[in-house]
Amino acid sequence: MTEEQQMEVYLHKNIIINSEKQKSAQGSVFYVKMADDDQKEVVLKIYKNEDIKSYFKEIAVFRKLMEIKTNPDLMQEGYVGFPEMISNLEGNQSAEILMEALGPNLRKLLK
């Protein structure tokens, strides 16, 4: 873990950072493990205040997908390729989405 990661305070407290920070169009992304289940790798996306609109758009998509998945009338086919949101938290300076990891980091694969 880098010194920067040790200095950063995360809203999710039950995680162990498992990768270097990855940059995305909306903010920072980390591969993490849950403190109570170190076998499953998940993704933590951190949005700073200047990117908060992107956070709310992504939350809206996750909620719509959940609505579709839980309504048998709307669910026609499986939604393969969309991660499940585990949780989301909002603070004064940032917001976070914790979601399942669907596969390896594509940038690492393309190197």
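Data block above holds the structure.
Now for a quick tour of the structure. These numbers come from a predicted model, not from an experiment.

About the criteria used
- Residues numbered from 1 in each chain as written.
- Predicted model: local features only at pLDDT ≥ 70, side-chain atom pairs only at ≥ 80, totals over all residues.
- Heavy atoms only, no water.
- Helix = DSSP H or I, 4+ residues; strand = E, 2+ residues; numbered from the N terminus.
- Buried < 20%, exposed > 50% of the residue type's maximum accessible area, 1.4 Å probe, protein only.
- Contact = heavy atoms within 4.5 Å.
- Areas by Shrake-Rupley, 256 points an atom, 1.4 Å probe, with all protein chains shown as cover.
- Phe/Tyr/Trp six-rings, centres within 6.5 Å; stacked < 30°, edge-to-face > 60°.
- Pairing = 2+ DSSP bridges.
- Lys, Arg positive; Asp, Glu negative; His and termini not counted.
- Salt bridge = Lys/Arg side-chain N within 4 Å of Asp/Glu carboxyl O.
- Polar contact = N/O pair within 3.5 Å; in protein donor to acceptor, adjacent residues only side chain to side chain.

1. Quick notes on the overall build of the protein chain
1) Next: In terms of regular secondary structure, the protein chain is built from three helices and six strands.
2) Next: Going from the N terminus to the C terminus, the protein chain shows its helices and strands as α-β-β-β-β-α-β-β-α.
3) Next: The proportion of buried residues among the 111 residues of the protein chain is 32%.
4) Next: In the protein chain, of all internal contacts separated by at least 6 residues, the share reaching a separation of at least 24 is 44%.
5) Next: Total accessible area on the protein chain is roughly 7700 Å²; 53% of this is exposed by carbon and sulfur atoms.

2. Describing the packing of aromatic side chains
Centre distance and the angle of the planes are the two values used to describe a pair of aromatic rings.
1) Next: Under the defined criterion, the tally for this structure stands at three aromatic pairs.
2) Next: On the basis of an interplanar angle of 85 degrees and a centroid distance of 5.9 Å, the ring pair of Y10 and F30 is categorised as edge-to-face. Taken as a pair, Y10 in the loop between α1 (3-7) and β1 (15-17) and F30 in strand β3 (residues 28-34) lie far apart in primary sequence, 20 residues in all.
3) Next: For Y10, a relative accessible area of 10% translates into the label buried.
4) Next: Classification of F30 as buried rests on a relative accessible area of 0%.

3. Digging into the pairing of β3
1) Next: Counting buried positions along β3 yields six of seven residues, so the element is predominantly enclosed.
2) Next: Note: β1 against β3, three bridges, orientation antiparallel. Residue pairing across strands places I15 opposite M34, the latter belonging to β3.
3) Next: Across seven bridges, the pairing between β3 and strand β4 (residues 37-48) is antiparallel. Paired with M34 across the strands is D37, a residue of β4.
4) Next: Hairpin connection from β3 to β4: two residues lie between these consecutive antiparallel strands.

4. Structural notes on the side chain of E96
1) Next: Mapped onto the elements, E96 comes out in strand β6 (residues 94-100).
2) Next: Of the side chains with opposite charge, K13 lies nearest to the buried E96, which makes no salt bridge, at 7.3 Å.
3) Next: At 2.6 Å, the side chain of E96 forms a polar contact with the side chain of H12.
4) Next: Once residues lying within four places of it in the same chain are set aside, the contact partners of E96 are Y10, L11, H12, L44, K45, I46, Y55, S87, N88 and L89.

5. Focus on the pattern of salt bridges
1) Next: Considering all chains together, one arrives at three salt bridges under this definition.
2) Next: One salt bridge connects K64 with E67, and the closest N-O pair in it is separated by 3.4 Å. Here K64 pairs with E67, and both are found in helix α2 (residues 52-70), just three residues apart, close to one helical turn.
3) Next: Judged by its relative accessible area of 45%, K64 falls in the partly exposed class.

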